[in-house]
Structures are given as structure tokens and as C-alpha cells.
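Listed below, chain by chain, are the residues.
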Amino acid sequence: MPGSTTDGYKVIFIYATRLEAEFFILSDFIKALSMVIDMLLMTFGTFSGLIIIYDMNGFGLSHVSRLSINMMKKYTYFLQVCLY
């Protein structure tokens, strides 16, 4: 989203263009999100914080079955420790 919040936080809005569960691949999603975060850091430098908004409209249990808990754990660790 263009600009920042009043506190200087950057905002990323994410939604799926194709809602079929067989097209949802968590590792590809994480790679794309990481590229967007890298682009923000290279373009604007450091900033106060980051707000990520996920539009979960159309997601269901079939999408949850495609999630890898190990991959989510690794990415959460990366966000908390490596980008801090």
C-alpha cells in the first residue's frame, strides 16, 4: 500500500487471485512475501514497523491441509530473529 501509517509503519496487503487449494503452495507464498519485504527495505531503508494484512476470503480447511507447520515455524523465526 502506498505510504505509511501515522506511526511510520509500512503496510502490506495480501490476497489470493486463485482460491483453489491445489494452487496454494506455502513455500512460494513465503518467497514472494520475503521479496516484497526485501524490496521495501532496499527502497525505503529501515522503518518503524511492518503490518501484514491477509485477506482470507475464500480460504477453507482444504487450504489448511496444505500448510507445512515446519515451514511456518521457520518463517516466523526468520521474521522475529533475523529481521530484528
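Throughout, residues of each chain are indexed from 1 in the direction in which the sequence is written. Side-chain atom pairs in this predicted model are given and counted only at pLDDT of 80 or more, local residue features only at pLDDT of at least 70, and totals for whole chains, interfaces and linings cover all residues. In computing side-chain properties, one takes all heavy atoms of the structure into account and sets aside hydrogens as well as water.

1. Digging into the nonpolar core
Phase 1: Of all hydrophobic cores here, the largest spans nine residues; its members are I12, I14, F24, L26, I30, L33, I37, L40 and Y75.
Phase 2: Under the scheme used here, helices are H or I runs from DSSP no shorter than 4 residues and strands are E runs no shorter than 2 residues, and both carry numbers assigned from the N terminus. If you list the elements that add at least two residues to this core, you get β1 (9-14) and α1 (26-44).
Phase 3: By residue number, the principal contributor to this core is α1, which donates five residues.
Phase 4: Whether two residues are in contact is decided by their heavy atoms: any pair within 4.5 Å suffices. The residues contacting L40, other than those within four sequence positions of it, are K10, I12, G45, F47 and L50. Nonpolar cores were defined as sets of buried Ala, Val, Leu, Ile, Met, Phe, Trp, Tyr and Cys residues, with membership established by side-chain atoms within 4.5 Å. Relative accessibility thresholds used throughout: buried, under 20% of the residue-type maximum; exposed, over 50%; partly exposed, between the two (1.4 Å probe, protein chains only).

2. Let's talk about the pattern of salt bridges
A side chain of one charge can pair with a side chain of the opposite charge when the charged atoms of the two come close.
Phase 1: Any Lys or Arg side-chain nitrogen found within 4 Å of a carboxyl oxygen on Asp or Glu counts as a salt bridge. Taken as a whole and judged by the stated rule, the model has one salt bridge.
Phase 2: Residue E20 is joined to R18 by a salt bridge in which the shortest nitrogen-to-oxygen separation is 3.7 Å.

3. What about the packing of aromatic side chains?
Phase 1: Between rings of Phe, Tyr and Trp, where Trp is taken as its six-membered ring, a pair exists when centres lie within 6.5 Å; planes separated by under 30 degrees are stacked, by over 60 edge-to-face, and by other angles tilted. If you walk through the whole model with that rule in mind, you get three aromatic pairs.
Phase 2: Residues F13 and Y15 carry aromatic rings whose centres are separated by 6.0 Å and whose planes lie at 35° to one another, so their mutual orientation is tilted.
Phase 3: Owing to a relative accessible area of 42%, F13 belongs among the partly exposed residues under this scheme.
Phase 4: Judged by relative accessible area, Y15 falls into the exposed class, the value being 53%.
Phase 5: Between F29 and Y54 the ring centres are 6.0 Å apart and the planes differ by 45°, which places this aromatic pair in the tilted class. Taken together, the residues span a long stretch of sequence, with F29 in helix α1 and Y54 in strand β2 (residues 49-54) at a distance of 25 residues.
Phase 6: On the basis of relative accessible area, Y54 is assigned to the partly exposed category, the value being 40%.
Phase 7: Look at NZ for Lys and CZ for Arg. If either is within 6 Å of the ring centre and within 35 degrees of the ring normal, a charge sits over the ring. One residue, K10, lies across the ring of F44, its end atom 3.7 Å from the ring centre.

Geometric values such as these leave the question of function open.
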